[in-house]
Amino acid sequence: MDVVNILGITGREEGTITIAINVPSKRCKVKDIVKIEDRELNPQEVHKIALLAPHATINIIRGYKVVKKQEVKLPNVIESIVKCANPVCISNSNEPVRSKFYVDSEEPLLLRCHYCGYMMEKKDVLLQF
Ligand SMILES: [Zn+2]
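Nothing here was measured: the structure is a model prediction, and the numbers come from that model.

### Things to note about the coordination of the zinc ion
Octahedral metal centres with six donors ideally show angles of 90 or 180 degrees, and tetrahedral centres with four donors ideally show 109.5 degrees.
So, step 1. Cys84 (SG), Cys89 (SG), Cys113 (SG) and Cys116 (SG) make up the full set of protein donors to the zinc ion, lying at 2.2 to 2.4 Å.
So, step 2. Its four donor atoms give the zinc ion angles of 103 to 115° at the centre, a pattern that matches the tetrahedral case.

Structure follows, in structure tokens:
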């Protein structure tokens, strides 16, 4: 599963990790739930999840209690998380340029490169995770 790969979960961690996908919800047809015990997610990990599952909810569980519920939200601008798939883009050169994308659409995912205008789809992003 994509989210598991992003978080580097190997199954050997102590504590409980519950991940539920395609759970029916009122707001949208289905939603993804990721439950992780004793593990905070850094903003970069949250953004990565948002790229792949824009309606996911992340529950941090400690001692059988949900201590934090976090709705995943994709920012309008994504920096340094994914690389431009255009090989001649300046962000892929040796210049010290951070990658930067505008989120044109969440579903289907469309990211527009700030530098070359290249449109990245979900499959381009998945290749990098
Ligand atoms: Zn580019």
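### Points about the nonpolar core
So, step 1. Counting 26 residues, the largest nonpolar core has Leu51, Ile58, Val82 and Leu111 as its most contacted members.
So, step 2. Elements supplying a minimum of two residues to this core: β2 (30-37), α2 (43-52), β3 (57-62), β6 (100-105) and β7 (110-113).
So, step 3. Sorting elements by how many residues they give to this core places α2 first, with five residues.
So, step 4. Not counting residues within four places of it along the chain, the set of residues in contact with Ile58 comprises Val34, Leu41, Val46, Ile49, Lys68, Lys69, Gln70 and Val72.

### Some remarks on the sheet that holds strand β8 (residues 119-121)
So, step 1. Read from one edge to the other, the open sheet built from four strands follows the order β5-β6-β7-β8, with strand pairing classed as antiparallel. Edge positions in the open sheet fall to β5 (77-79) and β8, since each of these has one partner strand only. Each adjacent strand pair in this sheet contributes to an overall mean axis angle of 35°, direction not counted.
So, step 2. Taken together, the four bridges between β6 and β7 define a ladder with antiparallel strand orientation. Residue pairing for β7: Phe101 is matched across the bridge by Cys113.

### Thoughts on unusual backbone geometry
What is expected of a backbone is that most residues other than glycine have negative phi and most peptide bonds are trans.
So, step 1. For the peptide bond that leads from Glu107 to Pro108, omega is 0°, which places it in the cis range.
So, step 2. Assignment of secondary structure puts Pro108 in the loop between β6 and β7.
So, step 3. You will see that Ser80, though not glycine, has its phi angle at about 65°, which is positive.
So, step 4. Ser80 gets classed as partly exposed once you look at its relative accessible area, which sits at 34%.

### Considering the environment of Phe129
So, step 1. Tracing the backbone shows Phe129 in the segment after α3 (122-126).
So, step 2. The exposure class assigned to Phe129 is partly exposed, which follows from its relative accessible area of 29%.
So, step 3. Taking the C-alpha atoms as reference, Phe129 lies 9.7 Å from Ile81; in sequence the two are 48 residues apart.

Conventions we followed
Numbers given to residues run from 1 along each chain, matching the order in which its sequence is written. Note on the predicted model: pLDDT of at least 70 is required for a residue's local features to be given, and 80 or more for side-chain atom pairs to be given and counted; whole-chain, interface and lining totals, by contrast, use all residues. The side-chain numbers reported here are obtained from all heavy atoms of the structure, hydrogens and water having been left aside. Each metal site is built from N, O and S donor atoms within 2.8 Å (3.2 Å for Na, K and Ca), and since water is not included, such sites may look incomplete. Donor angles set the geometry label: tetrahedral for four donors if every angle is between 85 and 135 degrees, square planar for four and octahedral for six if opposite donors exceed 155 degrees and the others are between 65 and 115, irregular for anything else. In this description, a nonpolar core means a group of buried Ala, Val, Leu, Ile, Met, Phe, Trp, Tyr and Cys residues linked to one another through side-chain atoms lying within 4.5 Å. Burial classes: relative accessible area under 20% of the type maximum marks a residue as buried, over 50% as exposed, and values in between as partly exposed (1.4 Å probe, protein chains only). Numbered from the N terminus, helices here are DSSP runs of H or I no shorter than four residues, and strands are runs of E no shorter than two. Any pair of residues with heavy atoms lying within 4.5 Å of one another is described as a contacting pair. Any two strands with at least two DSSP bridges between them are considered paired. Fitted lines through C-alpha atoms give the axes, limited to the stretch in contact for helices. The angle between two N-to-C directions lies from 0 to 180 degrees.

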